Structure formats: structure tokens, C-alpha cells
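Structural overview for review
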Amino acid sequence: MVIRTETDADYAIVREVNYCAFGNRDDEADLVERIRRSAEFIPELSLVAERDGSIAGHVLISKALIQNENMNTEVLVLAPIAVLPAYQRQGVGVELIREGLKRSRALGYPAVLLIGHPTYYPKFGFIPASRFGIELKQFPVPDEVFMANELHDGALTGIVGELKYPEAFAG
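Because the structure is a prediction, the values reported are computed rather than measured.

All right, on to the nonpolar core then. One finds Ile66, Leu113, Ile134, Leu156 and Leu163 to be the most contacted residues of the largest nonpolar core, which totals 30 residues. In terms of nonpolar packing, the next biggest core, distinct from the first, is built from 25 residues, Ala56, Leu114, Met147 and Leu151 among them.

Looking at the largest pocket, its volume works out to about 870 Å³. In terms of lining residues, the largest pocket is bounded by 31 residues, among which Phe22, Pro80, Ile81, Ala82 and Tyr121 are the most central. The dominant element in the lining of the largest pocket, judged by the number of residues it contributes, is strand S4 (residues 72-83), at six residues. For the lining of the largest pocket, a count of residues per class yields 19 nonpolar, seven polar and five charged.

Okay, the packing of helix H1 (residues 11-21) against helix H2 (residues 27-36) next. Direction vectors running N to C along H1 and H2 enclose 140°, while the axes themselves pass 7 Å from each other. By the angle between their axes, H1 is oblique relative to H2. Across the interface between the two elements, Tyr11, Val14, Arg15, Asn18 and Tyr19 from H1 touch Glu28, Ala29, Asp30, Val32, Glu33 and Arg36 from H2. Among the residues forming the contact of H1 with H2, the class breakdown is five nonpolar, one polar and five charged.

Our next topic: H1. Val14, Val17, Asn18 and Ala21 are the residues of H1 that are buried. Buried residues of H1, seen end-on, are gathered within an arc of 95° and therefore sit on one face of the element. Looking at the buried residues of H1, the elements they touch are H2, strand S2 (46-51), strand S3 (54-67) and S4. Once H1 finishes, Gly23 follows within two positions and takes phi at roughly 70°, a positive value.

For the bond from Ala79 to Pro80, the omega torsion is -10°, close enough to zero to count as cis. Following the sequence through the fold, Pro80 ends up in strand S4. A positive phi angle, close to 55°, is found at Asp52, a residue other than glycine. Mapped onto the secondary structure, Asp52 falls in the loop between S2 and S3.

What counts and how
Residues numbered from 1 in each chain as written. Predicted model: local features only at pLDDT ≥ 70, side-chain atom pairs only at ≥ 80, totals over all residues. Heavy atoms only, no water. Core = buried A, V, L, I, M, F, W, Y, C linked by side-chain atoms within 4.5 Å. Buried < 20%, exposed > 50% of the residue type's maximum accessible area, 1.4 Å probe, protein only. 1 Å grid on protein atoms, 1.4 Å probe; cavity = no way out; pocket = protein on both sides within 12 Å on 5 of 7 lines; lining within 4 Å. Points joined across faces, edges and corners; volume = space filled by probe spheres on them. Helix = DSSP H or I, 4+ residues; strand = E, 2+ residues; numbered from the N terminus. Nonpolar A, V, L, I, M, F, W, Y, C, P; charged D, E, K, R; others polar. Axes fitted to C-alpha atoms, helices over the stretch in contact; angles between N-to-C directions. Parallel < 35°, antiparallel > 145°, perpendicular 65-115°, else oblique. Contact = heavy atoms within 4.5 Å. Arc of directions from axis to C-beta.

Given below as C-alpha cells:
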């Protein structure tokens, strides 16, 4: 398996991967396109997994802010991650997430946050964001599914407030 940066030539295939991975619906594929057109898009953090000579999966990590009355802190959010049904449960998503976190760390960001399954993401170092004093009010989700991964030890120390997903996530 090869994990690489997405190119413009991959856009149509990545759209199809997101469409198929999420039950033949456009929501996540449309989200990817909105993020690509936004100021929060980081091309180096839009990754594809190639398997058997074709794209089997995609992950997108983009910018967001943690805000409080005193400051705004730029962080990253992981969404969406998509793997074609034929390649699910074969480690494609795991490798995409690992490479995405590695690249995010190398770019110097303090943390990656996400809304995700509470038994899946802890293996990558994600814990409930509330433990860092970070809230999410935009989307009504249970505390255990809103998670953060500190990319460097102590990177979120003193950073508290509300995560603000960018406008692209509003639909």
C-alpha cells in the first residue's frame, strides 16, 4: 500500500471513494470539495491510499480554531476519512490516519480533533477533548465522540475554549 498526497487528477476518484464509503450518498464527497475551496485546506494533508494500483481510501485534515475570550489557536480537524467498502477492515484507514498524524506533527500543529467512534480512535492517541478543556457547541454530539490528539507532549496545555469548525462544515 502506498500513502501519498492527493493530486488534482485524483479528485474524481476521491469523490467516488467518499460517495461509496458512506453508503452512496454525497454528503462527505461534497464536504471534501467545500474544504478544498476553503482557506482551511492544506494540500499536504489530503492523502490517498493506493492499493492494487488504484485509490482505496482518502483522509482529509484541515484547519480549525479553538476560541476563547482571550485568543484563537489554530488546530486541525480530521474529516472525512473514507475507505472503499472492498478495502475496509484491511488497515487502509489505519495507515491513512497514521500518516496524516505524522504529517500534521511535522507541520508543527498542536493537535488534531475529530468527531468519531469512541472505541476506534483511542488507538491513535485520541481522548475526549473535554479532558483538555475543549468544547464543541456547533454540533450536538456526546462527549466521548468529540476527541483530541495532542501532537506534541503538552501542546494543548493552557489552550481551552470552543472548537470552531470552519464554514465548509456547515454545508
